[in-house]
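Here is how the chains run, residue by residue.
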Amino acid sequence: MKKMSLLLSTVCMILISATVSFASGTVKIGALFAVTGPASFLGEPEKRTLELLVKEANAKGGINGTTLEAVIYDTGGDATKAVQLATKLIKDDKVSVIIGPSTTGESMAVIPVAEKWKIPLISCAAGIKITDPVKQWVFKTPANDHIAAGKILNYMAGKKQNNIALLTVTDGFGASGREQIKALAKQKGFNIVADEVYGPKDTDMTAQLTKIRGIKPDAIICWGTNPGPAVITKNVKQLGINTPLYMSHGVASKKYIELAGAASAEGVMLPAGKLAIYDALPKGDSQYKMLKEYDNSFKKTYGTEASTFGGYAYDAFLLVTNAIKKNGSTPEQIRAGVEQASKLVSISGVFTMTPKDHNGLDLSAFEMVKIVKGDWALLK
Amino acid sequence: MQLDQILQYTLSGLSTGAIYALIGIGFSIIYNATGIINFAQGEFVMLGGLFTLTGLQLLHLPLWASVPFSITATTVIGILFERLAIRPLRQPTPLNLVIITIGCSILIRGLAMLFWGKDTHAIQSFSGDNPIAIGGATILPQHIWILVVTLIIIAINKFYFYHTISGKAMRACSYNRRAAGLVGIDVRRMVLFSFIISSAMGAVAGIIVAPLTMTAYDVGVMLGLKGFCAAIIGGMSSGISTVIGGLILGVLESLGAGLISSGYKDAIAFIILLLILFIRPQGLFGKADSERV
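Residues numbered from 1 in each chain as written. Chains lettered and ligands numbered in written order. Predicted model: local features only at pLDDT ≥ 70, side-chain atom pairs only at ≥ 80, totals over all residues.

1. Some words on the overall build of chain A
- When helices and strands are counted, chain A shows 13 helices and 14 strands.
- Rg of the C-alpha trace for chain A: 23 Å, near the compact-globule value of 21 Å for 380 residues, within the 12% margin.
- Across its three principal directions, the C-alpha atoms of chain A cover 90 × 45 × 40 Å.
- Classification of the 380 residues of chain A by burial places 54% in the buried group.
- Here the contacts in chain A between residues at least 6 apart in sequence split such that 67% fall between residues at least 24 apart. (Helix = DSSP H or I, 4+ residues; strand = E, 2+ residues; numbered from the N terminus. Rg over C-alpha atoms; globule rule 2.2 N^0.38 Å. Buried ≥ 20, exposed ≤ 12 C-beta atoms within 10 Å, placed from the backbone. Contact = placed C-beta atoms within 7 Å.)

As structure tokens, this is what we get:
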């Protein structure tokens, strides 16, 4: 009996030491995504993208010979849960870097944890607060809302459209867009003549639009994610409003055209991330090849089109692997490597991080497009 | 100009209000037959829209066939709901039943999310998208569909409750369940009927509104709440006062959004709900002890 237990414990020892030696050849990438819950439209493509990329990278022999292991947890879009899971990733799973969370609220909640344990956090949420002011251990991949807003206002300035009517959704995305546009409009000398809002679940916005029609602005800017903007597009058509209509990058997908109907969406203009419109890009564009490959392999694996949101996880993955290639795989080496990223061509744009800019994207991350006959046409 | 705007607000409000009314009547019918508020009513609306989508896209049925398909499918779910969740309950106190309906609504929504996914879906309009001008205001052909269908359903309802045996039996149940049972009315069957009628009506509401508002697994929540408001304003009657309740709610929301501030649109609906509950719990038109049919 005693022999038996001795044998068993020896076997156990061997097994444990085997795992340890195995672990030294892998880098653990932690990820927190809102795979279920209200933000699942963000988390689901992010999770799928990361799984796909890790699989692809390992099939090619890993990064510099080290295999990658993704530990992905579902936060359900809940900030409290995100914090608990972040702690779990760091303490139990001993990850070297965390990708995510998917939403701004969760990211803000997780930041103190990452800073305390000195683990780099690469958020996939768009809120400007995440990297402004800059925090040593925190990065984010989606472009700031004010870049998209700036893109619209620059275009409008060229068309001499000075009086803007705003119609924004009453959630985090709409509120942030509303603030950014107002601030930028003031800087650039535009007039906000109407400032209307609608609820994310509203089904009829003719009341707001009738009011806007009465004010006769030069342009309407609507800031929201589906389905609201699609309803608004239909309402605009119904009311016979001919004022130019601008949408945010939040609806830069074919889904929006499908929901609003090609006839109603005709002529709507918006800043789009390049993934949504890569077909319309000139072939010489530096991102073209990568966008096409990502979309194709995503389609092949999951049967649906790749979305901008999945692209955020792609960017984060690329920043991390780029850093591992250059520097090494400890948290500090990854952090430094991400910060040194320069002209890194990815999905959301071309990243150039500096110690003062932990987002690394500029106006070139978006293209202004117009919807023509149910498809995107680049605006110059 | 100002007059144009008010006309537009009113017309928009009336067409949204008609939807609230249809959903509200669904609430009242079940309430009158069983004494419970069926919080899964909004899910029937959602199912109506999504089953139509299935008919159109998966089964490739034409629109005229998808609509009855969707109503039937939703009604089957309504029947299953009553059979599996409401009827087996040993101690059917109103509170238990209400909690069950809330549970079922979450279950139905979850299943719908798995089945149809989380995306929003568009459904084609019944007769085109060319706006119709009335005075200085415009509405869509779909709005006319909504108003006409609502009127037809109210007429059918009226006929059913006042001129058919089972309709009269259902009214009897709402006056006094025990007495109705004593005179030989099968109360349980009436409860089943009430679920059939209100799930079918919910489905109709969901179908006619889907081309305008689009549909997704979670549209039932807000529409259900607004329909509930309409029913409360109407004093839980399954007749004309709930319709008026819905229309008042729709118009006030629309006028409030246009003339005061669009930020308060939902607040307006719920403030009305609270005021009615505080001041006139019997509804805007009810006498203190009104008949609730």
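2. Remarks on the overall build of chain B
- Helix and strand counts for chain B come out as eleven helices and two strands.
- Ordered by position from the N terminus, the helices and strands of chain B form the series α-α-α-α-β-β-α-α-α-α-α-α-α.
- In terms of C-alpha radius of gyration, chain B reaches 19 Å, essentially the compact-globule figure of 19 Å for 293 residues.
- Summarising its shape, the C-alpha atoms of chain B cover approximately 60 × 50 × 35 Å along the three principal directions.
- Across the 293 residues that make up chain B, the buried fraction comes to 49%.

3. With respect to unusual backbone geometry
- A cis amide bond links Gly100 of chain A to the next residue, Pro101 of chain A, at an omega of -5°.
- With respect to the helices, strands and loops of the structure, Pro101 of chain A is situated in the loop between strand E3 (97-99) and helix H4 (104-117).
- Cis geometry marks the peptide bond from Asp132 of chain A to Pro133 of chain A, where omega comes out at 5°.
- Along the chain, the position of Pro133 of chain A falls in the loop between strand E4 (121-123) and strand E5 (138-140).
- Here the phi dihedral of Lys343 of chain A falls at roughly 50°; this positive angle occurs in a residue that is not glycine.
- Its location among the elements puts Lys343 of chain A in the loop between helix H13 (331-339) and strand E11 (344-345).
- Given 9 C-beta atoms within 10 Å, Lys343 of chain A falls into the exposed group.
- One non-glycine residue with positive phi stands out, namely Met214 of chain B, at about 65°.

4. Overview of the nonpolar core
All names here are of chain A.
- Formed by 197 residues in total, the largest nonpolar core has its most connected members in Ile98, Ile99 and Val320.
- Counting contributing residues, this core receives three or more from each of domain 1 (28-144 + 291-362) and domain 2 (145-280 + 365-378).
- Residues within four places of Ile99 in sequence aside, it is in contact with Ile29, Ala31, Leu50, Ile122, Cys124, Ala313, Ala316 and Phe317. (Core = buried A, V, L, I, M, F, W, Y, C linked by C-beta atoms within 7 Å. Domains from an automatic or database assignment.)

5. Points about the domain arrangement of chain A
Residue and element names in this part refer to chain A.
- According to the domain assignment, chain A contains domain 1 (28-144 + 291-362) and domain 2 (145-280 + 365-378).
- For domain 1 and domain 2, the distance between their C-alpha centres works out to 29 Å.
- With 18 residues of domain 1 in contact, the opposing surface of domain 2 contributes 15 residues.
- Breaking the side of domain 1 that touches domain 2 down by element, the ones donating at least two residues are helix H11 (288-302) and helix H12 (308-326).

6. With respect to the confidence of the model for chain B
- Of all residues in chain B, 97% attain a pLDDT of 70 or more, and the chain-wide mean is 88.
- The complex model carries a pTM of 0.81, and its ipTM stands at 0.82. (pLDDT = per-residue confidence, 0-100.)

7. Examining the interface of chain A and chain B
- Across the contact, 30 residues belong to chain A and 26 residues belong to chain B.
- Secondary-structure elements contributing two or more residues to the side of chain A that touches chain B are helix H2 (40-59), strand E7 (191-198), helix H7 (206-215), helix H8 (228-238), helix H9 (254-260) and helix H10 (262-265) of chain A.
- A per-element tally of the side of chain A that touches chain B places H7 of chain A first, with six residues.
- The class makeup of the residues in the side of chain A that touches chain B is ten nonpolar, 13 polar and seven charged. (Nonpolar A, V, L, I, M, F, W, Y, C, P; charged D, E, K, R; others polar.)

8. Concerning H11 of chain A
All names here are of chain A.
- The end-to-end C-alpha separation of H11 is 21 Å, in line with the 21 Å expected for 15 residues at 1.5 Å each.
- Looking only at H11, the buried set comprises Leu291, Tyr294, Asp295 and Phe298. Within H11, the buried residues cover an arc of 95° as seen down the axis, which keeps them to one side. Pointing more than 90 degrees away from the buried face of H11 are the exposed residues Lys289, Glu293, Asn296 and Lys300.
- Buried residues along H11 sit against H2 and H12.
- At the C-terminal side of H11, Gly303 shows a positive phi close to 75°. (Expected span 1.5 Å × (residues − 1). Arc of directions from axis to C-beta.)

9. Comments concerning the sheet that holds E3 of chain A
Residue and element names in this part refer to chain A.
- If you walk across this open sheet you meet the five strands as E2-E1-E3-E4-E5, and the pairing is parallel. This sheet does not close on itself; its edge strands, each paired only once, are strand E2 (67-74) and E5. Each strand of the sheet is rotated relative to its neighbour by a mean of 25°, with strand direction disregarded.
- In this structure, strand E1 (residues 26-33) lies alongside E3, joined through three bridges in parallel fashion. Note on E3: the bridge partner recorded for Ala31 is Ile99.
- Across the face of the sheet, H4 comes into contact with E1, E3, E4 and E5 while running at roughly 170° to E4. (Pairing = 2+ DSSP bridges. Axes fitted to C-alpha atoms, helices over the stretch in contact; angles between N-to-C directions.)

10. What about the pairing of strand E6 (residues 163-169) of chain A?
Residue and element names in this part refer to chain A.
- Most of E6 sits out of view: six of its seven residues are buried.
- Note that E6 and E7 share seven bridges and pair parallel. The residue bridging Leu167 from the neighbouring strand is Glu196, located in E7.
- With helix H6 (residues 172-188) bridging E6 and the parallel E7, this β-α-β connection has right-handed handedness. (Right-handed = clockwise from strand over helix to strand, strands pointing away.)

11. Focus: the packing of helix H10 (residues 240-260) of chain B against helix H11 (residues 265-279) of chain B
Residues and elements named next belong to chain B.
- Where H10 contacts H11, the axes come no closer than 8 Å and their chain directions differ by 140°. For the element pair H10 / H11, the angle class is oblique. Of the two elements, H10 crosses H11, and the hand of that crossing is right-handed. Residue-level contacts link Leu249, Leu252, Glu253, Gly256 and Ala257 of H10 to Lys265, Ile268, Ala269 and Ile272 of H11.
- Partitioning the contact of H10 with H11 into residue classes produces six nonpolar, one polar and two charged. (Parallel < 35°, antiparallel > 145°, perpendicular 65-115°, else oblique. Left-handed = near helix turned anticlockwise from the far one by under 90°.)

12. Digging into the environment of Thr164 of chain B
Residues and elements named next belong to chain B.
- Summarising the element assignment, Thr164 is placed in the loop between helix H5 (141-163) and helix H6 (165-175).
- Thr164 sits in the exposed class, given 11 other C-beta atoms within 10 Å.
- With 56 residues separating them along the chain, Thr164 and Ile108 place their C-alpha atoms 32 Å apart.

13. A look at the packing of H5 of chain B against H6 of chain B
Residues and elements named next belong to chain B.
- Between H5 and H6, the shortest axis-to-axis distance is 5 Å and the interhelical angle comes to 80°. Comparing the axis directions of H5 and H6 gives the class roughly perpendicular. Between H5, through Tyr160, Phe161, Tyr162 and His163, and H6, the contact on the second element is made entirely by Gly167, Met170 and Arg171.
- The class makeup of the residues in the contact of H5 with H6 is four nonpolar, two polar and one charged.

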